[in-house]
Amino acid sequence: MAAAPLHSDLDREDDIKIEVEAIQEPEQDFASTGLADQLSGGGGIYVPTLLGEVTQNGTELMVLAQILYWFRKGSDGKPRAKVRWHGVRWVAKTYDELAEETGLKERQVRHAVKCMEERGVLAKEVHLFAGKTTTHLRIVTSAVAHLVAANGPESIAPNGSE
């Protein structure tokens, strides 16, 4: 005895009526929405490509790029890093401040700084700043000097370009 084919109501198209209304708005040109200007004007991190040579992950890359920002010249033509210890400039920043500036968590910043310090990319000291104990950081020149030597000075963006 042959088995009769099984049919359910779901197998029959004429028994299933699903109306789907697709609500789609026409795509707008991103540049004309003003969002590009809003996103660009909110600040951010400029990440020179060569920093990838001295960092081991994206978190380190972001932290180092932000520290580099503070060593670059401001609108007054002078380095933003004003604190001097042992004859060199340092950036006085708490881990919380760097976390806020980079969008990372404080523990991520702390770990990235620790790893880069252990590899000799960053130097870290703790001093009083504005009346409270604050981490002071500087990029170790010898750690990045080989990048210029190996890639030539044209591989580094000129001062003021972002």
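Student: Explain the overall build of the protein to me, please; I cannot follow it from the model alone.
Tutor: The number of helices and strands found in the protein is five helices and four strands. Ordering the α and β elements of the protein from the N terminus gives α-α-β-β-α-α-β-β-α. The proportion of buried residues among the 162 residues of the protein is 27%. At a minimum sequence separation of 6, the contacts of the protein that also span at least 24 residues come to 48%.

Student: Help me understand helix α3 (residues 95-102), please; the structure alone is not making it clear to me.
Tutor: Turn by turn, an α-helix covers 3.6 residues, leaving residues three or four places apart pointing in a common direction. Turning to α3, its buried residues number three or more, namely Tyr95, Leu98, Ala99 and Thr102. Within α3, the buried residues cover an arc of 105 degrees as seen down the axis, which keeps them to one side. α3 presents Asp96 and Glu100 as exposed residues on the side facing more than 90 degrees away from its buried surface. Against the buried residues of α3 lie α2 (58-71), α4 (106-118), β3 (122-129) and β4 (132-139). In the segment just after α3, glycine 103 is the residue with positive phi, at about 80 degrees.

Student: Before we go on, may I ask you to explain α4 in this structure?
Tutor: An ideal rise of 1.5 Å per residue puts 18 Å on 13 residues; α4 measures up with 18 Å between its terminal C-alpha atoms. All of the buried residues in α4 are Val109, Ala112, Val113, Cys115 and Met116. Along the long axis of α4, the arc covered by the buried residues comes to 165 degrees, so they all point the same way. Among the exposed residues of α4, those oriented more than 90 degrees off its buried face are Arg107 and Glu118. Packed against the buried residues of α4 are α2, α3, β3 and β4. One or two residues past the end of α4 sits glycine 120, with phi positive at roughly 85 degrees.

Student: Explain the nonpolar core to me, please; I cannot follow it from the model alone.
Tutor: Note on soluble globular proteins: their nonpolar side chains tend to be buried together. In terms of nonpolar packing, the biggest core is built from 20 residues, with Val63, Leu64, Ile67, Val109, Val113, Met116 and Leu122 touching the most fellow members. At the level of secondary structure, the elements contributing two or more residues to this core comprise α2, α3, α4 and β4. If we skip the residues at most four places from it in the chain, leucine 64 touches Leu51, Val54, Thr55, Met116, Val121, Leu122 and Ile139.

Student: What is the right way to look at the packing of aromatic side chains in this model?
Tutor: Working definition: an aromatic ring pair is given by the centre-to-centre distance plus the angle between the planes. Counting across every chain of the model gives one aromatic pair. Summarising the aromatic geometry, the rings of tyrosine 69 and tryptophan 70 are spaced 5.0 Å apart at their centres and angled 85 degrees between planes, so their arrangement reads as edge-to-face. Judged by its relative accessible area of 28%, tyrosine 69 is partly exposed. On the accessibility criterion, tryptophan 70 (21% relative accessible area) is partly exposed.

Student: Explanation requested: the pattern of salt bridges in the structure shown.
Tutor: As a working rule, side chains carrying opposite charge can pair if their charged atoms are close by. Under the definition given, this model contains five salt bridges. Glutamate 101 serves as the salt-bridge partner of lysine 93, at 2.6 Å between the closest nitrogen and oxygen. Residue classification places lysine 93 among the buried positions, given a relative accessible area of 11%. Exposure remark for glutamate 101: the relative accessible area of 27% places this residue in the partly exposed category.

Student: Mind showing me how you'd approach the sheet that holds strand β1 (residues 83-85) here?
Tutor: In a beta sheet, neighbouring strands pair by backbone hydrogen bonds and run either parallel or antiparallel. Spatially, four strands are ordered β1-β2-β4-β3 in an open sheet, and the strand pairing comes out antiparallel. Either end of the sheet is taken by a strand with one partner, and the two such strands are β1 and β3. For this sheet, the mean inter-axis angle between neighbouring strands, taken without regard to orientation, is 45 degrees. Here eight bridges tie β3 to β4, and the two strands are oriented antiparallel to one another. The residue of β4 that forms the bridge with alanine 123 is arginine 138.

Parameters at a glance
Residues numbered from 1 in each chain as written. Predicted model: local features only at pLDDT ≥ 70, side-chain atom pairs only at ≥ 80, totals over all residues. Heavy atoms only, no water. Helix = DSSP H or I, 4+ residues; strand = E, 2+ residues; numbered from the N terminus. Buried < 20%, exposed > 50% of the residue type's maximum accessible area, 1.4 Å probe, protein only. Contact = heavy atoms within 4.5 Å. Arc of directions from axis to C-beta. Expected span 1.5 Å × (residues − 1). Core = buried A, V, L, I, M, F, W, Y, C linked by side-chain atoms within 4.5 Å. Phe/Tyr/Trp six-rings, centres within 6.5 Å; stacked < 30°, edge-to-face > 60°. Salt bridge = Lys/Arg side-chain N within 4 Å of Asp/Glu carboxyl O. Pairing = 2+ DSSP bridges. Axes fitted to C-alpha atoms, helices over the stretch in contact; angles between N-to-C directions.

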